[in-house]
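# Chains, contacts and geometry: an overview
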Amino acid sequence: MKTFTVEEVSKHNKEDDCWIIVSGGVYDVTKFAKYHPGGKKILLKEGGKDSTKKFNMFHNKRVLKKYDKKLKIGTVLKAKL
């Protein structure tokens, strides 16, 4: 699986190219956005960002596991301190 930097993910913040970060995973939600039960605007607003906190507010771990194989395209490179 590919590893991305936060900067790389941040470029994918448009309706036709939307990625989010959740729990260190990078998810391409471009095609899924129109099927999102909460509406596509929510995902598009989070595009290019780490959405872990907001994701966990509204979903449990089962949701992430359900879509992991379909939407996960990689992981985020941890910043060195």
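Residues numbered from 1 in each chain as written. Predicted model: local features only at pLDDT ≥ 70, side-chain atom pairs only at ≥ 80, totals over all residues. Heavy atoms only, no water.

With that settled, consider the overall build of the chain. For the chain, the helix and strand inventory stands at 4 helices and 5 strands. Seen in sequence order, the chain has helices and strands lined up from the N terminus as β-α-β-β-β-α-α-α-β. In terms of C-alpha radius of gyration, the chain reaches 12 Å, essentially the compact-globule figure of 12 Å for 81 residues. Summarising its shape, the C-alpha atoms of the chain cover approximately 35 × 25 × 20 Å along the three principal directions. The burial tally for the chain puts 33% of its 81 residues in the buried class. Excluding contacts between residues fewer than 6 apart, the proportion of contacts in the chain whose partners are at least 24 apart in sequence is 67%. When the accessible area of the chain is evaluated, it comes to approximately 6100 Å², of which 58% is carbon and sulfur surface. (Helix = DSSP H or I, 4+ residues; strand = E, 2+ residues; numbered from the N terminus. Rg over C-alpha atoms; globule rule 2.2 N^0.38 Å. Buried < 20%, exposed > 50% of the residue type's maximum accessible area, 1.4 Å probe, protein only. Contact = heavy atoms within 4.5 Å. Areas by Shrake-Rupley, 256 points an atom, 1.4 Å probe, with all protein chains shown as cover.)

What follows concerns unusual backbone geometry. Residues apart from glycine generally show negative phi values, whereas peptide bonds are mostly found in trans. In the Ramachandran plot, Ser 23 falls in the positive-phi region, its phi being about 50° despite a non-glycine side chain. In this structure, Ser 23 sits in the loop between β3 (17-22) and β4 (25-28). With relative accessibility at 45%, the residue Ser 23 sits in the partly exposed group.

A separate point is the side chain of Thr 52. Among the secondary structure elements, Thr 52 is positioned in helix α3 (residues 52-58). Under the relative-accessibility criterion, Thr 52 is labelled buried at 18%. If sequence neighbours within four positions are ignored, Thr 52 has contacts with Ile 21, Val 22 and Ser 23.

Attention shifts here to the pairing of β3. Counting buried positions over the 6 residues of β3 gives 5, a clear majority of the element. In the sheet, strand β2 (residues 13-14) pairs with β3 via 2 bridges, with the strands oriented antiparallel. Note on β3: the bridge partner recorded for Asn 13 is Cys 18. In this structure, the hairpin formed by β2 and β3 is closed by a connection of 2 residues. With 4 bridges connecting them, β3 and β4 associate as antiparallel partners. Note that in β4 the partner of Val 22 across the bridge is Gly 25. Two successive antiparallel strands, β3 and β4, enclose a turn made up of 2 residues, where Ser 23 displays a positive phi of approximately 50°. (Pairing = 2+ DSSP bridges.)

Function-wise, these values are silent; they only describe arrangement.
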